[in-house]
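Summary of structural features
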Amino acid sequence: MVFFKKGKLNFICISDKFSLPLPLPAVKVTTAYRSSHCGQLRATEVGKEVTLSGWVRRLRKMGALIFLDLADRYGITQIVFDHTVDASLWSAAQELGREYVVQVSGQVRPREAPNPQLATGEIEVLAHSLRVLNTSEVPPFRLENETDGGEELLMRFRYLDLRRPINQQRLLLRHRMAMAVRKYLSEQGFLEIETPFLIKSTPEGARDFVVPSRLHPGQFYALPQSPQTFKQLLMVAGLDRYFQIVRCFRDEDLRADRQPEFTQIDCEMSFVDREDVLHMFEGLVRYLFQEIKGFDPGPFARLTYEEALRLYGTDKPDLRFTMTITEFKTPAGEDLFAGAGFRIAEQAPYMGGLCVEGGATLTRRQLDELIEFVKRPQIGAEGLLWCRWNTDGSTSSSMDKFFEESRRLSWLQKAGARPGDLLLFLAGEPEKTRRQLGELRLEVARKLQLRPADRFACLWITDFPLLEWDSGENRWVAMHHPFTAPLPEDLAFLEEKPGSVRANAYDIVINGAEVGGGSIRIHDEQLQKKVFRLLGFSDEEAQARFGFLMNAFRYGAPPHGGIAFGFDRLVALFAGCESIREVIAFPKNNAGRDTMINAPDSIEPRQWEELHIRPAFSNANP
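Overview of the structure. (Residues numbered from 1 in each chain as written. Predicted model: local features only at pLDDT ≥ 70, side-chain atom pairs only at ≥ 80, totals over all residues. Heavy atoms only, no water.)

**Comments concerning the pairing of strand E22 (residues 475-478)**
Side chains on a regular strand alternate between the two faces of the sheet. Of the strand pairs in this sheet, strand E21 (residues 467-470) and E22 are connected by four bridges, and their pairing is antiparallel. Bridge assignment links Glu468 to a residue of E22, and that residue is Val477. Turn length for the E21-E22 hairpin, with the two strands adjacent in sequence and antiparallel, is four residues, and the turn residue Asn474 shows positive phi of about 55°. (Pairing = 2+ DSSP bridges. Helix = DSSP H or I, 4+ residues; strand = E, 2+ residues; numbered from the N terminus.)

**Brief notes about the packing of aromatic side chains**
Applying the stated criterion across every chain yields a total of 27 aromatic pairs. Between Phe337 and Trp411, the ring centres sit 4.6 Å apart and the planes meet at 20°, which makes this aromatic pair stacked. A residue pair is termed long-range when its members are at least 10 positions apart, and Phe337 in the loop between strand E14 (325-329) and helix H8 (343-347) and Trp411 in helix H10 (residues 405-414) qualify at 74 residues. Considered together, Phe337 and Trp411 belong to a single accessibility category, that of buried residues. Plain terms: the ring middles of Trp411 and Phe425 are 5.5 Å apart, the flat faces sit at 75° to each other, and that makes the pair edge-to-face. Residue Trp411 is found in helix H10, and its partner Phe425 is found in strand E18 (residues 422-428); the two are separated by 14 residues along the sequence. Cluster of aromatic residues (ring-pair linked, three or more members): Phe328, Phe337, Phe342, Phe402, Phe403, Trp411 and Phe425. The cationic tip of Arg388 hangs over the ring face of Trp386; the distance from NZ or CZ to the ring centre is 5.0 Å. Between the NZ or CZ atom of Arg441 and the centre of the ring of Phe321, over which it lies, the distance is 3.9 Å. (Phe/Tyr/Trp six-rings, centres within 6.5 Å; stacked < 30°, edge-to-face > 60°. Buried < 20%, exposed > 50% of the residue type's maximum accessible area, 1.4 Å probe, protein only. Lys NZ or Arg CZ within 6 Å of the ring centre and 35° of its normal.)

**What to know about H10**
Turning to H10, its buried residues number three or more, namely Arg408, Trp411 and Leu412. An end-on view of H10 places all buried positions within 95° of arc, on one side of the element. Of the surrounding elements, those touching the buried residues of H10 are E14, strand E16 (385-389), strand E17 (395-397) and E18. Where H10 terminates, the next one or two residues include Gly416, which has phi positive at roughly 70°. (Arc of directions from axis to C-beta. Contact = heavy atoms within 4.5 Å.)

**Concerning the side chain of Gln244**
Its location among the elements puts Gln244 in strand E11 (residues 241-249). Here Gln244 falls in the buried class, since its relative accessible area comes to 5%. Within the structure, Gln244 has its side chain in polar contact with the side chain of Thr195 (distance 3.0 Å). Not counting chain neighbours up to four residues away, the residues in contact with Gln244 comprise Glu192, Ile193, Glu194, Thr195, Pro227, Gln264, Ile265 and Asp266. (Polar contact = N/O pair within 3.5 Å; in protein donor to acceptor, adjacent residues only side chain to side chain.)

**Topic: the sheet that holds E14**
Pairing between sheet strands relies on hydrogen bonds along the backbone, with the strands arranged either parallel or antiparallel. Spatially, the five strands line up as an open sheet ordered E14-E15-E18-E16-E17, and their pairing is antiparallel. Among the strands making up the open sheet, the edge pair consists of E14 and E17. This sheet shows a mean twist of 25° between the axes of neighbouring strands, independent of strand direction. In this sheet, E18 lies alongside E16 in antiparallel orientation, the contact comprising four bridges. Residue Cys387 lies in a different strand from E18, and its bridge partner there is Leu423. Where helix H11 (residues 430-447) meets the sheet, it contacts E14, strand E15 (350-356) and E18, and its direction lies at approximately 15° from that of E15. (Axes fitted to C-alpha atoms, helices over the stretch in contact; angles between N-to-C directions.)

Below, the structure written as structure tokens:
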């Protein structure tokens, strides 16, 4: 493990490629079927009579000996069947197949050729008895860390995929993180309180999953997108520190970091300001790193939303590397491209660039690949400009026809470049171009391998806009949710300049992924009504949807705030996984389907009748 600092940031590097959770305490599993588990036996137990149960992971036949790798979730133990000791038992072992469930009794003895890759690698068990508990068909893929199964096949046979050690380790990691969260928050005085799953639909933000009510024809419950309003009501109730590791549901398009059902660490506190919340939950994340990874990442960096966009082109920057955006032309600032007749620079209101340390060695082919990258429809740039500072001190660029050496040097010096570095430029509208530079920054880092999975950079993003203008609906919408409080110093602008009001909100970002977010909440009925009006709700609509919350504010609501962490994202980050599906026991695929149980599925005609609804499409059940 290596610790180092860059500016205000602390970095930790750990050496293993896939960092497993720290070992659990010894587990005793003595039952009618086993005296030990398959990862338990050591050289100190040589001579002991044991009984093991598990799955036949591998069978090797070598003359008079048969070696069986017996596996369970704790590990693997080598079992030996010796023809010279018991010929009938040896013959029975010949008939075993992969993934048969068996019980074996025998004596622990030293292994002639120890296997340092196994915790049990110094011993083996000479079998005295064998009992087949169940047979198995040949699995459709190898149940090893490196499998030959494709994604759809693995999803369809997820119960087999979960036998692979790497997936069992991920679920163990998930369990340990959940236990650590509960321990930390409980010791800080938080109460774990369950909130309802069948709630009222409040269609603001992502789409709700709705559930028809049999007892109330024509009416529907919704599954919660989060327990937001209930945790605020708990604060009104005087339960000043709440948390819940809770399932949430959103009917939205899926990506690698999204599922229709997901898990949050949901938290709320009373009588707090923003600093109180940041201190408490920065402490939680640091505690998780200490307990699970074995190190403390140190104090988190902080950036405002505006700083993050200006420097990194995104509100969730990856700070494992320090490449920042330099602005060479802004609508109200200096213009280092003026006066040369360069049409692209003259027409664009904004030009920004990235200084790639050591990037002067990139070949023309590599530069062409970056040009094609920024031209992709999802990026949307028209092209890419570049300027090299060669190691001999000379400069060259894609704009040499327009700009002499001294001008090129001025760009390089402004960006803090040194000989051997490369500048990459994009031009266009400020907001769009910053976003494109943010994407280019990540692509350059990918090409140059600047984002090692064993390094962690944590930061807070603060001071988000309270509102965003939705041109499609021609109204303001809440950037986070409508219960977020404005910064106190911006309250005066709420009616006349709503677009300039900043939210008292914060996100936590680790390695370029948003893993949590929250805010100080509105706790005053009149301010909440004012925000609802800005969002286009009439007083009647606001009362119909959220009257239960505003009514509660009349009865002594304390100042309160909180945060919710994406627990699946946190576990995936700790496990080094690209997708949260890899750390969920039974995930949905990219189409939101569970191909193992074939869900969603149609329902019986009698269920339509009982629920007082009928299908909207002719191909559904009548």
